[in-house]
Amino acid sequence: MERLSQYDALTGLPNRSLLTDCLQQAMAQALRRGRQLAVVYLDLDGFQAFNEHLGPDAGDELLIRLAQRLKAALPEDTTLARMGGDWFVAVLPGLPHAAAAQPLLDAILSHIAACEADAHNGQPLTASLGVSFYPQADAVDADQLLRQADQAMFQAKQSGKNRYHLFDAEHDRGLRSRHAEIGQIALALQQQQFVLYYQPKVNMRSGAVIGVEALIRWQHPQRGLLAPGAFMPALEQQTLMVDVGDWVLERALQQIAQWNRAGLRLPVSVNIDAMQLAQADFVPKLRAALARHPELSPSQLELEVLETSALGDLGAVSDLLHQCRELGVTTSLDDFGTGYSSLTYLKHLPTQVLKIDQSFVRGMLDDPTDSAILQGVLGLAQALKRLVIAEGVETSAHAQMLLRLGCVHGQGYAIARPMPAEQIPDWVAHWKPDPAWAAAPSPAPCAAPPLQTGQPA
Ligand code: C2E
Ligand code: MG
Ligand code: MG
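These numbers were taken from a predicted model, which means no experiment stands behind them. (Residues numbered from 1 in each chain as written. Chains lettered and ligands numbered in written order. Predicted model: local features only at pLDDT ≥ 70, side-chain atom pairs only at ≥ 80, totals over all residues. Heavy atoms only, no water.)

Caption draft 1: Structural view of the domain arrangement of the protein chain. When the domains of the protein chain are assigned, the result is domain 1 (2–167) and domain 2 (177–439). In this structure, domain 1 and domain 2 have C-alpha centres spaced 55 Å apart. (Domains from an automatic or database assignment.)

Caption draft 2: Here's a closer look at the side chain of S269. Structurally, S269 can be placed in strand β9 (residues 268–272). Overall, the relative accessible area of 0% leaves S269 in the buried class. Side chain to side chain, S269 and K201 meet in a polar contact 3.0 Å long. In contact with S269, not counting residues within four places along its chain, are K201, V212, E213, A214, E302 and E304. (Helix = DSSP H or I, 4+ residues; strand = E, 2+ residues; numbered from the N terminus. Buried < 20%, exposed > 50% of the residue type's maximum accessible area, 1.4 Å probe, protein only. Polar contact = N/O pair within 3.5 Å; in protein donor to acceptor, adjacent residues only side chain to side chain. Contact = heavy atoms within 4.5 Å.)

Caption draft 3: Spotlight on the coordination of the magnesium ion (ligand 3). The protein atoms that coordinate the magnesium ion (ligand 3) are D334 (OD), D335 (OD), E391 (OE) and E391 (OE), at distances of 1.9 to 2.5 Å. The distance between the magnesium ion (ligand 3) and the magnesium ion (ligand 2) comes to 4.0 Å, and D334 binds to both of them. With a relative accessible area of 3%, D334 lands in the buried category. Judged by its relative accessible area of 18%, D335 is buried. (Donors = N, O, S within 2.8 Å, 3.2 Å for Na, K, Ca; no water.)

Caption draft 4: Focus on the packing of aromatic side chains. Inspection of every chain in the model, using the stated rule, returns 9 aromatic pairs. On the numbers, 5.5 Å between centres and 40° between planes, the contact of F194 with F231 is tilted. Taken together, the residues span a long stretch of sequence, with F194 in strand β6 (residues 194–203) and F231 in the loop between β8 (224–226) and α8 (240–261) at a distance of 37 residues. Between W427 and W431 the ring centres are 5.3 Å apart and the planes differ by 20°, which places this aromatic pair in the stacked class. No difference in accessibility class separates W427 from W431, as the two residues are buried. (Phe/Tyr/Trp six-rings, centres within 6.5 Å; stacked < 30°, edge-to-face > 60°.)

Caption draft 5: Geometry of helix α6 (residues 142–158). Its 17 residues place the ends of α6 24 Å apart at the C-alpha level, agreeing with the 24 Å of an ideal helix rising 1.5 Å per residue. For α6, every residue scored as buried is listed here: A142, L145, L146, Q148, A149, A152, M153, A156 and K157. Residues of α6 that are buried in the fold lie against α2 (16–33), β1 (36–44), β3 (87–95), β4 (127–134) and β5 (163–166). At the N-terminal end of α6, a side-chain oxygen is found 3.2 Å from the backbone nitrogen of D143, two or three residues along, and the residue is D141. Immediately downstream of α6, the backbone of G160 shows phi near 120°, a positive value. (Expected span 1.5 Å × (residues − 1).)

Caption draft 6: Spotlight on the coordination of the magnesium ion (ligand 2). The magnesium ion (ligand 2) binds to the protein through E213 (OE), N271 (OD1), E304 (OE) and D334 (OD); the donor distances cover 2.0 to 2.2 Å. The sequence pattern describing where the donors of the magnesium ion (ligand 2) fall on their chain is E-x57-N-x32-E-x29-D.

Caption draft 7: Geometry of the side chain of E302. By secondary structure assignment, the location of E302 is in strand β10 (residues 301–306). Under the relative-accessibility criterion, E302 is labelled buried at 12%. Excluding its chain neighbours within four sequence positions, the residues that come into contact with E302 are K201, V268, S269, V270, T330, S332 and V353.

Caption draft 8: Geometry of the packing of helix α3 (residues 47–54) against helix α4 (residues 56–73). Viewed as axis vectors pointing N to C, α3 and α4 meet at an angle of 135°, and their least axial separation amounts to 6 Å. What the angle tells us is that α3 and α4 run oblique. In this structure, α3 uses F47, F50, N51 and L54 to contact α4, whose residues at the interface are P56, A58, G59, L62 and L63. Of the residues belonging to the contact of α3 with α4, the class tally is 7 nonpolar, 2 polar and no charged. (Axes fitted to C-alpha atoms, helices over the stretch in contact; angles between N-to-C directions. Parallel < 35°, antiparallel > 145°, perpendicular 65-115°, else oblique. Nonpolar A, V, L, I, M, F, W, Y, C, P; charged D, E, K, R; others polar.)

Caption draft 9: How the structure looks around the sheet that holds β3. In space, the 5 strands of this open sheet follow the order β2-β3-β1-β4-β5, with mixed pairing throughout. Only two strands of the sheet have a single partner each, and these edge strands are β2 (79–84) and β5. Sheet twist, expressed as the mean angle between neighbouring strand axes with direction ignored, is 20°. Across 7 bridges, β1 lies against β3 in antiparallel orientation. (Pairing = 2+ DSSP bridges.)

Caption draft 10: Structural view of the packing of helix α10 (residues 282–291) against helix α11 (residues 314–326). For the pair α10 and α11, interaxial distance at closest approach is 10 Å and the crossing angle is 15°. Relative to α11, the element α10 lies roughly parallel. Our pair here, α10 against α11, has a crossing hand that is right-handed. Packed against α10, whose contacting residues are F282, V283 and L286, the element α11 presents L320, Q323 and C324 at the interface. Among the residues making up the contact of α10 with α11, the classes are represented as 5 nonpolar, 1 polar and no charged. (Left-handed = near helix turned anticlockwise from the far one by under 90°.)

Caption draft 11: Representation of unusual backbone geometry. Each neighbour pair has its own omega, and for Y134 with P135 the value is 0°, a cis peptide bond. Here P135 shows up in the loop between β4 and α6. Positive phi outside glycine occurs at D335, with the angle close to 55°. As for its position among the elements, D335 is in strand β11 (residues 330–336). One non-glycine residue, K385, lies in positive phi territory at about 60°. Among the secondary structure elements, K385 is positioned in the loop between α14 (368–383) and β13 (387–390).

Caption draft 12: Expanded view of the site of ligand 1. Taken together, the neighbourhood of ligand 1 is formed by 22 residues, with R217, N271, D334, Q358 and E394 sitting nearest. Take N271: an N or O atom from its side chain is 2.8 Å from an oxygen atom of ligand 1. Starting from 800 Å² of accessible surface for ligand 1 in isolation, the protein chains cover 84%. Secondary-structure elements contributing two or more residues to the shell around ligand 1 are β7 (209–220), β11 and α13 (358–363). No other element matches β7, which puts 4 residues into the shell around ligand 1. For the shell around ligand 1, the residue count by class is 8 nonpolar, 5 polar and 9 charged. (Near = heavy atom within 4 Å. Areas by Shrake-Rupley, 256 points an atom, 1.4 Å probe, with all protein chains shown as cover.)

Next up, the structure:
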């Protein structure tokens, strides 16, 4: 009775219930001896076809032969169990490190191939193996180890069968923590923990404020005010990115309306993620959002599209940006020059504004290549009738150099840091450019066309 409850009747191997006991013991021993163990989940690839072709008796015979072959080939301390059907599990204990399992895995695959050759029946037979290791950085129990190996086996099947796949605990932990992070961001959105800061964009020569850029911040209850770099990457390729983007747009429109009511007519730009642009309802939603705020002119809204983002189908994005322009909204290409296909984007996307990436601006004082690129971009922009604005104007020296090169529009710490909305009216009322900037000579002819505040370029 005991034998029946613990061993597989067909192959005589331990069954699932005995395997769990053996695995638990092997795990305890691995910890004691400071060794690794590998759990190998084995699933035959062509077994069903084999059974259908040659009948269940031949199938059973093959399973018995396979069990014997593997048992004989694997080290003596290996536990080989049959879980049911054509699923087997091998527990390989006493490994000095994970890589030491590799020759054993290769051996398992070649023994399965040999089994098929023995049968001389022309039915291909291979196996997919999934492997998990113990111990791991996080505590895991025997069931989890088996599940991980099963998951890895599924990966091996997905990647083409007749191979092994190692479960990546690190990656899995990354996925789980990312999942948790996304949950927290969703909650933060619900609890209104996000705020928009605004950074002015100015004409450095005339001193005119040409607009402000809305930049998201997370007012985290424990961690304080977080910059987008601390949480936006978790949203990449996530639908939650669209919800956050919708919130940013709505909040920015409310802010424009509020400033308008106070007599301050400022264009506001918002950053749009590629994920948002990929939504079929992007334009209808934008139209509806503008309709909710009839008190503001659509030309007060500017959409910044990241030049580095994977925009996918350029034709579709170009159509979409045309539709935005038809609504009266301005569009700009953000971080220009940092992507792989800057010129392709420039050619195909009907954006009115080019924002030169901060890396070139920051480097231009010491690096002649950066200043040459900057000059080139200014020339390009002029030829293509785009407005140029330089990001990352960090110091007065940057501003003066930009002015000498003919770039009059700038945004950066030398002008103002991003600030809460309440501080903007006061800042706009009092800001004056550094007198040294007015003295900076402009090149002839002037490289950048003028921008009328509040109008699409
Ligand atoms: P961006 O759109 O290129 O925004 C400019 C970033 O440069 C901002 O960082 C700004 O604070 C920073 N900056 C401005 N002037 C200077 C300067 O003189 N020196 C230096 N070192 N940095 C300067 P922030 O606010 O951390 O935003 C980073 C990026 O996060 C943005 O880059 C944008 O790509 C993204 N982002 C911000 N808000 C949103 C949003 O609402 N939605 C989306 N999808 N992305 C956003
Ligand atoms: Mg931007
Ligand atoms: Mg930028």
